[in-house]
Amino acid sequence: MKDLPKKDLAEILISDENEREKKIHELLRDRRSLNINIEMSKRLTTGQKAADKMAEFAGSWKFIIFFMLLVFSWGIINTKWILENPFDPYPYVFLNLVLACISSIQAPIIMMSQNREAQKERLRAENEYLINMKSEIILEDLHMRIDNILQRQRLLEDELEHLIGLIGALRQEIALGREKDGEKNTGGEESRLYNRYNK
(Lines give C-alpha, C1' and ligand atoms only; values in the text may rest on other atoms or scores of the structure.)
Protein backbone atom coordinates (compact mmCIF):
# COMPACT_ATOMS: atom_id res chain seq x y z
CA MET A 1 0.00 0.00 0.00
CA LYS A 2 1.88 3.06 -1.24
CA ASP A 3 -0.06 5.98 0.17
CA LEU A 4 -3.45 7.02 1.49
CA PRO A 5 -4.95 10.25 0.14
CA LYS A 6 -6.89 12.61 2.39
CA LYS A 7 -10.21 11.15 1.23
CA ASP A 8 -9.22 7.65 2.40
CA LEU A 9 -7.90 9.08 5.66
CA ALA A 10 -11.25 10.79 6.27
CA GLU A 11 -13.06 7.52 5.55
CA ILE A 12 -10.90 5.75 8.10
CA LEU A 13 -11.73 8.31 10.75
CA ILE A 14 -15.51 8.40 10.21
CA SER A 15 -16.52 5.01 8.79
CA ASP A 16 -18.19 2.25 10.75
CA GLU A 17 -16.19 0.06 13.13
CA ASN A 18 -15.61 -2.99 10.89
CA GLU A 19 -14.65 -1.01 7.78
CA ARG A 20 -12.41 1.27 9.79
CA GLU A 21 -10.69 -1.69 11.44
CA LYS A 22 -10.07 -3.24 8.02
CA LYS A 23 -8.46 -0.11 6.55
CA ILE A 24 -6.26 0.40 9.59
CA HIS A 25 -4.98 -3.17 9.31
CA GLU A 26 -4.24 -2.63 5.60
CA LEU A 27 -2.05 0.35 6.44
CA LEU A 28 -0.41 -1.28 9.46
CA ARG A 29 0.43 -4.47 7.55
CA ASP A 30 2.98 -2.50 5.51
CA ARG A 31 6.31 -1.88 7.26
CA ARG A 32 7.10 1.84 7.02
CA SER A 33 10.25 2.26 9.11
CA LEU A 34 12.89 1.72 6.43
CA ASN A 35 16.59 2.57 6.34
CA ILE A 36 16.69 4.63 3.14
CA ASN A 37 20.48 4.38 2.81
CA ILE A 38 20.36 0.56 2.83
CA GLU A 39 17.36 0.43 0.48
CA MET A 40 19.06 2.79 -2.01
CA SER A 41 22.41 0.99 -1.84
CA LYS A 42 20.70 -2.25 -2.91
CA ARG A 43 19.70 -0.66 -6.24
CA LEU A 44 22.91 1.23 -7.06
CA THR A 45 24.73 0.32 -10.27
CA THR A 46 28.53 -0.01 -10.50
CA GLY A 47 28.79 3.41 -12.16
CA GLN A 48 26.72 5.05 -9.43
CA LYS A 49 28.85 3.45 -6.71
CA ALA A 50 32.01 4.66 -8.48
CA ALA A 51 30.54 8.18 -8.77
CA ASP A 52 29.76 8.22 -5.05
CA LYS A 53 33.28 7.08 -4.18
CA MET A 54 34.80 9.68 -6.50
CA ALA A 55 32.60 12.45 -5.06
CA GLU A 56 33.56 11.36 -1.55
CA PHE A 57 37.27 11.52 -2.45
CA ALA A 58 36.94 14.84 -4.33
CA GLY A 59 35.33 16.46 -1.30
CA SER A 60 38.06 15.51 1.16
CA TRP A 61 41.39 16.86 2.35
CA LYS A 62 43.11 13.87 0.74
CA PHE A 63 42.11 15.21 -2.68
CA ILE A 64 43.34 18.75 -1.87
CA ILE A 65 46.70 17.51 -0.53
CA PHE A 66 47.13 15.13 -3.49
CA PHE A 67 46.55 17.91 -6.02
CA MET A 68 48.82 20.33 -4.21
CA LEU A 69 51.60 17.71 -4.26
CA LEU A 70 50.90 16.94 -7.94
CA VAL A 71 51.08 20.59 -9.04
CA PHE A 72 54.14 21.25 -6.90
CA SER A 73 55.95 18.14 -8.25
CA TRP A 74 54.93 19.01 -11.82
CA GLY A 75 56.40 22.48 -11.43
CA ILE A 76 59.69 21.18 -9.98
CA ILE A 77 60.12 18.47 -12.61
CA ASN A 78 59.43 20.85 -15.50
CA THR A 79 62.16 23.34 -14.64
CA LYS A 80 65.51 23.65 -16.30
CA TRP A 81 67.16 22.78 -13.01
CA ILE A 82 65.91 19.18 -13.32
CA LEU A 83 65.48 18.67 -17.07
CA GLU A 84 67.44 20.29 -19.88
CA ASN A 85 64.38 20.17 -22.16
CA PRO A 86 61.21 20.02 -19.93
CA PHE A 87 58.15 18.51 -21.65
CA ASP A 88 55.81 21.18 -20.14
CA PRO A 89 57.79 24.33 -19.42
CA TYR A 90 56.39 27.37 -17.62
CA PRO A 91 53.46 28.44 -17.78
CA TYR A 92 52.61 24.72 -17.76
CA VAL A 93 50.07 24.67 -20.58
CA PHE A 94 49.72 20.88 -20.59
CA LEU A 95 49.11 20.86 -16.82
CA ASN A 96 46.33 23.44 -17.28
CA LEU A 97 44.77 21.23 -19.99
CA VAL A 98 44.89 18.15 -17.70
CA LEU A 99 43.34 20.09 -14.80
CA ALA A 100 40.59 21.48 -17.04
CA CYS A 101 39.75 17.97 -18.32
CA ILE A 102 39.65 16.60 -14.76
CA SER A 103 37.37 19.46 -13.67
CA SER A 104 35.00 18.96 -16.62
CA ILE A 105 34.68 15.24 -15.79
CA GLN A 106 34.59 15.74 -12.04
CA ALA A 107 31.73 18.27 -12.02
CA PRO A 108 29.00 16.03 -13.55
CA ILE A 109 30.12 13.06 -11.41
CA ILE A 110 29.72 15.15 -8.23
CA MET A 111 26.34 16.41 -9.51
CA MET A 112 25.17 12.82 -10.08
CA SER A 113 26.09 11.97 -6.49
CA GLN A 114 24.32 15.10 -5.21
CA ASN A 115 21.18 14.20 -7.19
CA ARG A 116 21.15 10.80 -5.50
CA GLU A 117 21.49 12.46 -2.10
CA ALA A 118 18.54 14.72 -2.95
CA GLN A 119 16.55 11.64 -3.98
CA LYS A 120 17.41 10.01 -0.64
CA GLU A 121 16.13 13.09 1.18
CA ARG A 122 12.84 12.99 -0.76
CA LEU A 123 12.39 9.28 0.00
CA ARG A 124 13.27 9.88 3.65
CA ALA A 125 10.68 12.68 3.87
CA GLU A 126 8.01 10.50 2.23
CA ASN A 127 8.81 7.61 4.57
CA GLU A 128 8.57 9.90 7.62
CA TYR A 129 5.23 11.23 6.36
CA LEU A 130 3.81 7.71 6.06
CA ILE A 131 5.09 6.79 9.53
CA ASN A 132 3.52 9.94 11.01
CA MET A 133 0.23 9.27 9.24
CA LYS A 134 0.18 5.68 10.50
CA SER A 135 0.90 6.88 14.05
CA GLU A 136 -1.88 9.44 13.75
CA ILE A 137 -4.36 6.77 12.66
CA ILE A 138 -3.30 4.47 15.51
CA LEU A 139 -3.69 7.28 18.05
CA GLU A 140 -7.11 8.19 16.65
CA ASP A 141 -8.15 4.54 16.88
CA LEU A 142 -6.92 4.30 20.49
CA HIS A 143 -8.80 7.48 21.41
CA MET A 144 -12.02 6.08 19.96
CA ARG A 145 -11.55 2.77 21.78
CA ILE A 146 -10.87 4.52 25.09
CA ASP A 147 -13.94 6.75 24.60
CA ASN A 148 -16.02 3.64 23.90
CA ILE A 149 -14.70 1.93 27.05
CA LEU A 150 -15.42 5.01 29.17
CA GLN A 151 -18.94 5.26 27.74
CA ARG A 152 -19.64 1.62 28.55
CA GLN A 153 -18.18 2.11 32.02
CA ARG A 154 -20.55 5.05 32.64
CA LEU A 155 -23.53 2.93 31.50
CA LEU A 156 -22.50 0.12 33.83
CA GLU A 157 -22.08 2.56 36.72
CA ASP A 158 -25.57 4.00 36.08
CA GLU A 159 -27.02 0.49 35.95
CA LEU A 160 -25.22 -0.43 39.16
CA GLU A 161 -26.51 2.68 40.93
CA HIS A 162 -30.03 1.84 39.75
CA LEU A 163 -29.73 -1.71 41.10
CA ILE A 164 -28.36 -0.45 44.43
CA GLY A 165 -31.31 1.94 44.69
CA LEU A 166 -33.78 -0.87 43.96
CA ILE A 167 -32.17 -3.10 46.59
CA GLY A 168 -32.28 -0.29 49.18
CA ALA A 169 -35.94 0.47 48.45
CA LEU A 170 -36.77 -3.22 48.59
CA ARG A 171 -35.08 -3.58 51.98
CA GLN A 172 -36.95 -0.57 53.36
CA GLU A 173 -40.31 -1.90 52.17
CA ILE A 174 -39.57 -5.34 53.64
CA ALA A 175 -38.61 -3.76 56.98
CA LEU A 176 -41.80 -1.68 57.00
CA GLY A 177 -43.88 -4.76 56.16
CA ARG A 178 -42.36 -6.68 59.04
CA GLU A 179 -42.98 -3.86 61.48
CA LYS A 180 -46.57 -3.55 60.28
CA ASP A 181 -47.38 -7.25 60.42
CA GLY A 182 -45.44 -7.85 63.61
CA GLU A 183 -44.48 -11.29 62.49
CA LYS A 184 -41.56 -13.02 60.80
CA ASN A 185 -41.57 -12.81 57.06
CA THR A 186 -41.31 -16.15 55.28
CA GLY A 187 -39.63 -14.80 52.12
CA GLY A 188 -42.63 -14.74 49.79
CA GLU A 189 -43.13 -11.04 50.36
CA GLU A 190 -39.52 -10.28 49.32
CA SER A 191 -39.97 -12.19 46.07
CA ARG A 192 -43.23 -10.38 45.31
CA LEU A 193 -41.70 -6.93 45.97
CA TYR A 194 -38.56 -7.75 44.00
CA ASN A 195 -40.61 -8.83 40.96
CA ARG A 196 -42.66 -5.64 41.22
CA TYR A 197 -39.56 -3.40 41.19
CA ASN A 198 -37.99 -5.24 38.27
CA LYS A 199 -41.03 -4.69 36.01
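Predicted, not measured: the structure shown is a model, and the values here were computed from it.

Thresholds applied
- Residues numbered from 1 in each chain as written.
- Predicted model: local features only at pLDDT ≥ 70, side-chain atom pairs only at ≥ 80, totals over all residues.
- Heavy atoms only, no water.
- Helix = DSSP H or I, 4+ residues; strand = E, 2+ residues; numbered from the N terminus.
- Buried < 20%, exposed > 50% of the residue type's maximum accessible area, 1.4 Å probe, protein only.
- Contact = heavy atoms within 4.5 Å.
- Areas by Shrake-Rupley, 256 points an atom, 1.4 Å probe, with all protein chains shown as cover.
- Salt bridge = Lys/Arg side-chain N within 4 Å of Asp/Glu carboxyl O.
- pLDDT = per-residue confidence, 0-100.
- Patch = residues over 30% accessible without salt bridge, like charges linked within 9 Å, V, L, I, M, F, W, Y side chains within 5 Å.
- Lys, Arg positive; Asp, Glu negative; His and termini not counted.
- Charge placed at Lys NZ, Arg CZ, Asp CG, Glu CD.
- Phe/Tyr/Trp six-rings, centres within 6.5 Å; stacked < 30°, edge-to-face > 60°.

## Overview of the overall build of the protein
Piece 1. Of regular secondary structure, the protein possesses 7 helices and 0 strands.
Piece 2. Going from N to C terminus, the protein has its helices and strands arranged as α-α-α-α-α-α-α.
Piece 3. Evaluated residue by residue, the protein yields a buried proportion of 21% over its 199 residues.
Piece 4. If you take every contact in the protein between residues at least 6 apart in sequence, the share linking residues at least 24 apart comes to 66%.
Piece 5. When the accessible surface of the protein is summed, it comes to about 15,700 Å², and 61% of that surface belongs to carbon and sulfur atoms.

## So, unusual backbone geometry
Piece 1. A cis amide bond, omega 15°, links Tyr90 with the succeeding residue Pro91.
Piece 2. Following the sequence through the fold, Pro91 ends up in the loop between helix H5 (61-77) and helix H6 (93-181).
Piece 3. With phi around 60°, Tyr92 is a residue other than glycine that occupies positive phi space.
Piece 4. Looking at the element boundaries, Tyr92 is found in the loop between H5 and H6.

## Looking at the environment of Pro91
Piece 1. Relative accessible area serves as the criterion here: at 48%, Pro91 is assigned to the partly exposed category.
Piece 2. Residues Pro91 and Asn78, 13 residues apart in the sequence, show an inter-C-alpha distance of 9.9 Å.

## Some thoughts on the pattern of salt bridges
Piece 1. Per the stated rule, a full pass over the model turns up 4 salt bridges.
Piece 2. In this structure, the salt-bridge partner of Asp52 is Arg116, at a minimum N-O distance of 2.8 Å. Note that Asp52 is positioned in helix H4 (residues 46-58) and Arg116 in helix H6, a separation of 64 residues in sequence.
Piece 3. A salt bridge links Glu117 to Lys120, with the nearest nitrogen and oxygen atoms 3.6 Å apart. Taken together, the residues Glu117 and Lys120, both in helix H6 and 3 residues apart, mark about one turn of the helix.
Piece 4. The exposure class assigned to Glu117 is partly exposed, which follows from its relative accessible area of 41%.
Piece 5. Accessibility expressed as a relative area gives 15% for Lys120, which makes it buried.

## A short note on the confidence of the model for the protein
Piece 1. Here the protein shows a mean pLDDT of 77. Residues at 70 or above account for 73%.
Piece 2. Per-residue pLDDT, averaged within each element of the protein, yields its smallest value for helix H1 (residues 6-14) (47) and its largest for H5 (90).
Piece 3. Segment residues 1-7 is flagged for pLDDT under 50; beyond a separation of four residues in sequence, or across chains, it makes 15 contacts in the model.
Piece 4. For the stretch residues 9-14, pLDDT sits under 50, and the model shows 11 contacts to residues farther than four places along the chain or on other chains.

## Quick look at a negative patch on the surface
Piece 1. A surface patch of negative charge is lined by Glu157, Asp158, Glu159 and Glu161.
Piece 2. Judged by its relative accessible area of 47%, Asp158 is partly exposed.

## A few points about the side chain of Arg116
Piece 1. According to the relative accessible area criterion, Arg116 is buried, its value standing at 9%.
Piece 2. Among all residues touching Arg116, those that are not within four sequence positions of it are Met40, Leu44, Gln48, Ala51 and Asp52.

## Regarding the packing of aromatic side chains
Piece 1. Tallied over the entire structure, the rule returns 6 aromatic pairs.
Piece 2. Arranged with centres 5.5 Å apart and planes meeting at 80°, the rings of Trp74 and Phe87 form a pair that is edge-to-face. Residue Trp74 is located in helix H5, and its partner Phe87 is located in the loop between H5 and H6; the two are separated by 13 residues in the primary sequence.
Piece 3. Overall, the relative accessible area of 55% leaves Phe87 in the exposed class.
Piece 4. Within the aromatic cluster, the residues linked to one another by ring pairs are Phe57, Phe63, Phe66 and Phe67.

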